[in-house]
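The residues making up each chain are set out below.
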Amino acid sequence: MLTLSAVAAEAPRPQPKSGIEYAGGDVRALQADDFGNPGMLWVARGEKLWSAPAGRSGKSCAGCHRDAPTTMKGVATRYPRRDVGGGELLNLEGRINQCREQRQGADVLRYESEELLALTAYVAHQSRGMPVNVEINDANRVNFERGRDTYYRRQGQMNLACTHCHEQNAGRKLLADTISEGHGNAYPVYRLEWQSAGSLHRRLRACFFGVRAEQPAAGSAELVDLELYLASRARGLQVETPGVRR
Amino acid sequence: MSMLARVQVPAQARRGDVFPIRIAIQHSMETGYRPDNFGRRIPKNVINTLTCRYNGVEVFRAEMGSGVSANPQLQFYLRAENSGELVFDWVDDSGQRGSERAPITVTA
């Protein structure tokens, strides 16, 4: 296992391909249609929430951040990211909740709640078309390494690691699915099977479930570290939020 | 949470033009056939009726049931007559109502 991760860390990777390129024509068409893409309903809800006052401060996101298309442009390309103060690694959901709690004086939003999905989709949407560009540095290297270890660790009753599907078998069929390279650049996505939008962590938990492994909680440090590793693999791919998946 | 919808209506049309109208509504469209985690049936709750009025006159009506997907989208065509407003109203089985309006300018 150690050798596997060492090799993978050094071998030059071919240009990554987004999950949408492995999707069928109907799904691709739905994602490309800004009206038809059902994920845009969550983006629209996020836009409303952006200017709704919340918490003890009575402030809205817009009260501090003004116009999201300007101030939030490119933000999602840099996440997950550590706080300037050197706090924990935060993904976009975590960052939004930090503002809710510390700046608005409001309750944190439950992971996978409509509100948190909507705000995350709205913020990430402002970076659509921009390349994923996380930086791995001294501050987040331990998170990166933990995420990479998870990626190459066999787990569950099926004893499979992420790499076995998403690196060694990308492009091949698994039941009705075409296995993609497992990138997170389109999340939150509208997934037809869910009949709803969902977070990257929801998708990741489905992969843990698929190999019958214990599922880390959504928002847990283990999944945020893994998200950072995925983002480093996806560097250069465009943010597509809101993506559509089958 | 209130029902959220997006409508697509051209801001301008020429009199006599036929143009598409699209509406998408966020709704779970619960079929009534699904059990919850305890095996109890989740009651059916779908948007059962949606209407569109063009300057007060009903020009479109849809009656929907369990066969329509979550977050439904509808598309239909209208002929531009006069400037004014399109008003969409809908209601689900639980009695919750939603509404959207969109202005339209018709040129000669």
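Provided above is the structure to which this section pertains.
Residues numbered from 1 in each chain as written. Chains lettered and ligands numbered in written order. Predicted model: local features only at pLDDT ≥ 70, side-chain atom pairs only at ≥ 80, totals over all residues. Heavy atoms only, no water.

1. Some details on the pairing of strand E3 (residues 18-25) of chain B
All names here are of chain B. Taking burial as the measure, the eight residues of E3 include six buried ones, the bulk of the element. Here E3 pairs with strand E6 (residues 73-79) via seven bridges, running antiparallel. Following the sheet pairing, Arg-22 is matched in E6 by Gln-75. (Buried < 20%, exposed > 50% of the residue type's maximum accessible area, 1.4 Å probe, protein only. Helix = DSSP H or I, 4+ residues; strand = E, 2+ residues; numbered from the N terminus. Pairing = 2+ DSSP bridges.)

2. Section: the interface of chain A and chain B
Counting residues at the interface gives 17 residues for chain A, matched by 16 residues for chain B. For the pair chain A and chain B, the interface holds one salt bridge. Between Asp33(A) and Arg22(B) there is a salt bridge, and its shortest N-O distance comes to 2.8 Å. At the level of secondary structure, the elements contributing two or more residues to the side of chain A that touches chain B comprise helix H3 (39-50) and helix H7 (114-125) of chain A. (Contact = heavy atoms within 4.5 Å. Salt bridge = Lys/Arg side-chain N within 4 Å of Asp/Glu carboxyl O.)

3. A few points about unusual backbone geometry
Residue and element names in this part refer to chain A. Following Tyr-79, the chain continues to Pro-80 via a peptide bond in cis, the omega torsion being 0 degrees. Mapped onto the elements, Pro-80 comes out in the loop between helix H5 (68-71) and strand E1 (81-82). That bond from Tyr-187 to Pro-188 is cis: its omega, -10 degrees, falls within 30 degrees of zero. Position of Pro-188 relative to the elements: it lies in the loop between strand E4 (177-178) and strand E5 (189-191). Phi is positive for Arg-66, which is not a glycine, with a value near 55 degrees.

These figures capture arrangement, not role.
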